[in-house]
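Per-entry structural report
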Number of protein chains: 2
Amino acid sequence: MLFSITPPKRANSPERVKEIAEITVGRLADLDLDGLILYDIEDESDRNSDKRPFPYLPTLDPASFHTDHLGDWDKPTIIYRCVGKYAENDLRTWLAGSSPDILTVFVGSSSGTKPVQTSLRRAQQLHHEVSPALPLGAVVIGERHARHGDEHLRMLTKQERGCTFFISQVIYDLNETKNLVSDYFYACKDADITPRPLIFTLSLCGSPKTLEFLDWLGVEVPPWLATELRESDDPLETSRRECLAIARDLKSYCERLGMPYGFNVESVSIRKAEIEASTELAREIAALLRA
Amino acid sequence: MLFSITPPKRANSPERVKEIAEITVGRLADLDLDGLILYDIEDESDRNSDKRPFPYLPTLDPASFHTDHLGDWDKPTIIYRCVGKYAENDLRTWLAGSSPDILTVFVGSSSGTKPVQTSLRRAQQLHHEVSPALPLGAVVIGERHARHGDEHLRMLTKQERGCTFFISQVIYDLNETKNLVSDYFYACKDADITPRPLIFTLSLCGSPKTLEFLDWLGVEVPPWLATELRESDDPLETSRRECLAIARDLKSYCERLGMPYGFNVESVSIRKAEIEASTELAREIAALLRA
């Protein structure tokens, strides 16, 4: 059971960053979490020429934020790395210095045309050379599976390259997610490979603007649900009900299969009501997982 | 809450037909049904050149079977008519003579190339001319909506042409079914038209051969579920669980929307275990509906 946050904006004063960190740790300590994810944000405007519904603002480096401000967080932390942002040497130094309560997830470029300093493949090699004991995860995109049907093969390739767990992008399409889990699980079975844990990411959608942002991010919300969210007097409650239904269904499906899984709650929205409700959602999903 | 059966094969002796009818009525009387559907079967080999997993065998005319053998069935009966099979005059005579406990569903040709004696459009006109008080239903195909996105518009057209209710083909894709319901419901709302009841048809799948037959019939079973059914030690129980889950989900979705709905249980399989289990499924779904 994971919860993910984006480090504070770089524009914040050091005092404000400290304050945000304290509030965050206080809020998270109260949840029954196994770990915290710190996202690494990059400007993805190259991936999508449509206007970004929430503005892109540079954020603090997740590793520095963790080291400097999350000393009170005493559970594992998964630090995302958009590897294309970093020079090989910087990545190498960071990998060499990572501490035992840290895990990482490498994220490839958001588009094929974007110039990168380090490719995903190269970053995976560095991990193998410098710090193979550091648990390395990979991102899984159900929408890519719906389009190309090969996301499970990408997972197997990433596994060969040292990844030991997977974290999905935000999920709203239960059916496509189950298709991916099924293909991955049976591909592992056929190849006599142990399937690695897949963590399903859930995020609430409390307003039409958040729905627009999910769409901008490439998250496919089934048409009936997008309509229901748009028509709802209380989209936050509607999406809470759906996220819980998705979680219950995936839990029962994975347990039937024998597929290792977990959940991650994030808030793609920066609105206070949605962030607070995502804490509540994490509490409910943790309870579901422990049940 | 409906249950549907196919009339006995024409090859049966009159004694055997009588016996089948008695067993059927006895079994159905025990269920909490609002009506019975009698299918009209035609050879659809023109629609699909693949080998039909269960052989096509001519069956008794559903109206004759009802008149001659279902006297003990005291609830409404919905008689399907594959209208292309009938000469205009035969259809006209039947429409003129139908009794008050009868409803009908007109089914169009199974392919665009098949020669028909009466087109669906012409049959609808005959209904309007001869027997407009006879409740007329239409078939709804979620898979067509998934491909072309216009099944809700077809429903509205059929409604203009006298249809007052809809019955789906067998449903296994919950997501696509909800997309269709959503599009139909909001199209009615936009046009200020009262949505008509949509009856969702469920059928169990107790063996790989039945799964093959569902595929032959054009029913899209989500890939993860097709795999689960194939891998299951007890596919009948697996499909029962899924059919119930689909029914619960559609019930709650339609009630949230304010969409009138119902359920129909059929058995696409001719195997005894599957037919008996479908009676049990109807009992459980009736209980769900009355809850």
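Here the structure is shown first, and the text comes after it.
Residues numbered from 1 in each chain as written. Chains lettered and ligands numbered in written order. Predicted model: local features only at pLDDT ≥ 70, side-chain atom pairs only at ≥ 80, totals over all residues. Heavy atoms only, no water.

**Brief notes about the overall build of chain A**
Scanning chain A from N- to C-terminus turns up eleven helices and eight strands. Here chain A has a C-alpha radius of gyration of 18 Å; the compact-globule value for 291 residues is 19 Å, and the two agree. Principal-axis analysis of the C-alpha atoms places the extent of chain A at approximately 55 × 50 × 40 Å. Among the 291 residues that make up chain A, the fraction classed as buried is 52%. (Helix = DSSP H or I, 4+ residues; strand = E, 2+ residues; numbered from the N terminus. Rg over C-alpha atoms; globule rule 2.2 N^0.38 Å. Buried < 20%, exposed > 50% of the residue type's maximum accessible area, 1.4 Å probe, protein only.)

**Some details on the side chain of K251(A)**
Tracing the backbone through its elements, the reader meets K251(A) in helix α10 (residues 235-257). Excluding residues within four positions of it along the chain, K251(A) makes contact with Y261(A), F263(A), L288(A), L289(A) and A291(A). (Contact = heavy atoms within 4.5 Å.)

**Brief notes about the sheet that holds strand β1 (residues 2-5) of chain B**
Residues and elements named next belong to chain B. Around the barrel, which closes on itself, the eight strands sit in the order β1-β2-β3-β4-β5-β6-β7-β8 with parallel pairing between neighbours. Within the sheet, the average angular offset between the axes of one strand and its neighbour, ignoring direction, is 30°. In the packing of helix α2 (residues 62-69) onto the sheet, the strands contacted are β1, β2 (35-38), β3 (77-82) and β4 (102-107), and the crossing angle to β3 comes to about 150°. (Pairing = 2+ DSSP bridges. Axes fitted to C-alpha atoms, helices over the stretch in contact; angles between N-to-C directions.)

**Quick notes on the interface of chain B and chain A**
Contacts between the two partners involve 17 residues from chain B, matched on the other side by 17 residues from chain A. Approximately 1,500 Å² of surface area, both sides summed, lies buried where chain B meets chain A, with 48% of it carried by carbon and sulfur atoms. Of all residues in chain B, N175(B), W224(B) and R256(B) give up the largest surface area on contact with chain A, accounting jointly for 39% of the area buried on that side. If you look at where chain B meets chain A, you find four salt bridges. Taking the shortest distance from any N to any O, the salt bridge between R256(B) and E242(A) comes out at 3.8 Å. (Buried area = accessible area lost by both parts, 1.4 Å probe. Salt bridge = Lys/Arg side-chain N within 4 Å of Asp/Glu carboxyl O.)

**Comments concerning the packing of aromatic side chains**
Enumeration over the complete set of coordinates arrives at 16 aromatic pairs over all chains. Look at F54(A) and F213(A): their rings are 5.1 Å apart centre to centre, the planes differ by 85°, and that puts the pair in the edge-to-face class. Here F213(A) lies in helix α8 (residues 208-217) and F54(A) lies in the loop between β2 (35-38) and α2 (62-69), a separation of 159 residues in the sequence. For F54(A), a relative accessible area of 6% corresponds to the buried category. Given the relative accessible area of 5%, F213(A) is considered buried. Consider the rings of F213(B) and W216(B), whose centres lie 6.1 Å apart with planes at 20°: the pair is stacked. Placement of both F213(B) and W216(B) in helix α8 (residues 208-217) is noted, with a separation of three residues, approximately one turn of the helix. Feature note: the residues F54(A), F213(A) and W216(A) constitute an aromatic cluster, connected by ring pairs. Between the NZ or CZ atom of R81(B) and the centre of the ring of Y86(B), over which it lies, the distance is 4.8 Å. (Phe/Tyr/Trp six-rings, centres within 6.5 Å; stacked < 30°, edge-to-face > 60°. Lys NZ or Arg CZ within 6 Å of the ring centre and 35° of its normal.)

**Details of the state of the cysteines**
All names here are of chain B. Overall, the coordinates contain zero disulfides over all chains when judged by the stated rule. With no disulfide partner, C163 has as its closest neighbouring cysteine sulfur the one in C188, 13 Å distant. Considering cysteine sulfurs only, C188 is the nearest to C254, which forms no disulfide, with 12 Å between them. (Disulfide = S-S within 2.5 Å.)

**As for the nonpolar core**
With 159 residues, the main nonpolar core has Y172(A), F263(A), Y172(B) and F263(B) as its most contacted residues. Once you skip the residues sitting within four places of it in the chain, F263(A) turns out to touch M1(A), L2(A), I199(A), F200(A), L202(A), A247(A), L250(A), K251(A), I285(A) and L289(A). (Core = buried A, V, L, I, M, F, W, Y, C linked by side-chain atoms within 4.5 Å.)

**Some remarks on the packing of helix α9 (residues 223-231) of chain B against helix α10 (residues 235-257) of chain B**
Residues and elements named next belong to chain B. Look at α9 against α10: their axes get within 8 Å of each other, and the N-to-C directions meet at 150°. By the angle between their directions, the pair α9 and α10 is classed as roughly antiparallel. Here W224, L225, E228 and L229 of α9 come into contact with α10, specifically with P235, T238, S239, R241 and E242. Residue composition of the contact of α9 with α10, by class: four nonpolar, two polar and three charged. (Parallel < 35°, antiparallel > 145°, perpendicular 65-115°, else oblique. Nonpolar A, V, L, I, M, F, W, Y, C, P; charged D, E, K, R; others polar.)

**Remarks on the environment of L250(A)**
Residues and elements named next belong to chain A. Take L250: it is sitting in helix α10. For the pair formed by L250 and G262, sequence separation is twelve residues and the distance between their alpha carbons is 9.4 Å. If near-sequence neighbours (up to four positions away) are discounted, L250 is found in contact with I171, L174, T177, K178, F200 and F263.

**Notes on the relation of the copies chain B and chain A**
Note on the identical chains: chain B maps onto chain A by a rotation of 180° and an axial translation of 0.0 Å, with an RMSD of 0.0 Å. Read as a symmetry element, the transformation amounts to a two-fold axis. Residue N175(B) of chain B places its C-alpha closer to the rotation axis than any other residue of that unit, at 3.7 Å. Both copies present the same face, since 100% of the interface residues in chain B are matched by interface residues at the equivalent positions in chain A. (Least-squares fit on C-alpha atoms with pLDDT ≥ 70 in both.)

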